[in-house]
Amino acid sequence: MWTSGAVVFSKNKTLVPLIHRLFRERQVLKDYLCLVDGVPSAEQAREGSFLVDAPIDKDLDCKIMRKVDRNGQLSQTVFDILAVSTRHQMSLLRAKPLTGRTHQIRVHARHAGLPIVGDNVYGREASLYASEDEMLSSEQKAFPGEAAGARIPLKLHARRLRFPRPDLGEDLDVTAPLPPHFASALATFGFDWHEDLA
């Protein structure tokens, strides 16, 4: 249910506000990989990438959700198309959030008609849950007959973070390898994945 991959935290309390400032000022490069249900449009495929520029706000009907709303905060995500499986009607995308809203990549992927595989809040799997409490439970549900466990957990992975180190001024560049569940899902759905492709 949760995003895998690289996380930034500081062991030095004096650096925490400096790191927060880097995120606020959009000085942190963030690359995510996501496996999505659906295939980008012909125009998006020709371009190789597409921008979702859609403001995000809280969903007052469901406390854990966010939604695209014209009165929401500016939110932009660039999606690069890395691979497409027309047989399985799935795509592997690189998501580069230009802003930092809660659930931004998940909301924008859904808004683009390409919900993230295994997303029990914004994806196909959401239909398996009767309540918000059930969505938040640690037990994830799968569709009967689906490839055993290939759709769960959430297929969203923080692949890379790069930012100037506040203490040294040089760039810190962190990458995280795909977790086994994600790599296994790519193989199950016929994607030829190598770490250097991202």
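Model, not experiment: these values are computed from the prediction.

Caption draft 1: Main features of the overall build of the protein. Counting secondary structure elements, the protein contains five helices and nine strands. Starting at the N terminus, the α and β elements of the protein follow one another as β-α-β-α-β-β-β-β-β-α-α-β-β-α. Taking all 198 residues of the protein together, the buried fraction comes to 44%. Taking the intrachain contacts of the protein between residues at least 6 apart in sequence as the baseline, contacts between residues at least 24 apart amount to 63%. Put simply, the protein shows about 10,800 Å² of open surface, and 50% of that area lies on carbon and sulfur atoms.

Caption draft 2: Just the pattern of salt bridges, in detail. Using the criterion set out here, one finds seven salt bridges in the structure. Between Asp 173 and Arg 160 there is a salt bridge, with its nearest N and O atoms 2.6 Å apart. You can see Asp 173 sitting in strand E9 (residues 171–175) and its partner Arg 160 sitting in strand E8 (residues 156–164), a full 13 residues away along the chain. Beyond isolated ion pairs, a larger network of salt bridges with shared partners links Asp 80, Arg 94 and Lys 96.

Caption draft 3: Broad picture of helix H5 (residues 180–188). For H5, the complete set of buried residues consists of Phe 182, Ala 185 and Leu 186. Along the long axis of H5, the arc covered by the buried residues comes to 100°, so they all point the same way. Those residues of H5 that are exposed and angled more than 90 degrees off the buried face are Pro 180 and Ala 187. Looking at the buried positions of H5, the neighbouring elements they touch are strand E2 (29–37), strand E7 (90–97) and E8.

Caption draft 4: Inspection of the pairing of strand E3 (residues 49–53) at higher detail. The alternating pattern of E3 places Phe 50 and Val 52 on a buried face, while none of Ser 49, Leu 51 and Asp 53, on the opposite face, is buried. With five bridges joining them, E3 and strand E6 (residues 76–85) adopt antiparallel strand pairing. Each bridged residue has a counterpart across the sheet, and for Asp 53 the counterpart in E6 is Gln 76.

Scoring rules and cut-offs
For every chain, the first residue of the written sequence is number 1, and numbering continues from 1 along that sequence. Predicted model: local features are reported for residues with pLDDT of at least 70 only, side-chain atom pairs are reported and counted for 80 or more only, and whole-chain, interface and lining totals are derived from all residues. No hydrogens and no water enter the side-chain calculation; it runs on all heavy atoms of the structure. Put simply, DSSP marks the helices as runs of H or I at least four residues long and the strands as runs of E at least two long, and each gets a number from the N terminus on. Relative accessibility decides the category of a residue: with a 1.4 Å probe and only protein chains considered, values under 20% of the type maximum give buried, values over 50% give exposed, and everything between is partly exposed. Residues count as neighbours in contact if any of their non-hydrogen atoms are within 4.5 Å of one another. Only the protein chains shown count as cover for residues, with accessible areas throughout obtained via the Shrake-Rupley method and a probe of 1.4 Å. Criterion for a salt bridge: a side-chain nitrogen of Lys or Arg within 4 Å of a carboxyl oxygen of Asp or Glu. Regarding the arc, it is the one traced by the directions from the helix axis to the C-beta atoms. Note on pairing: two strands pair once DSSP finds at least 2 bridges between them.

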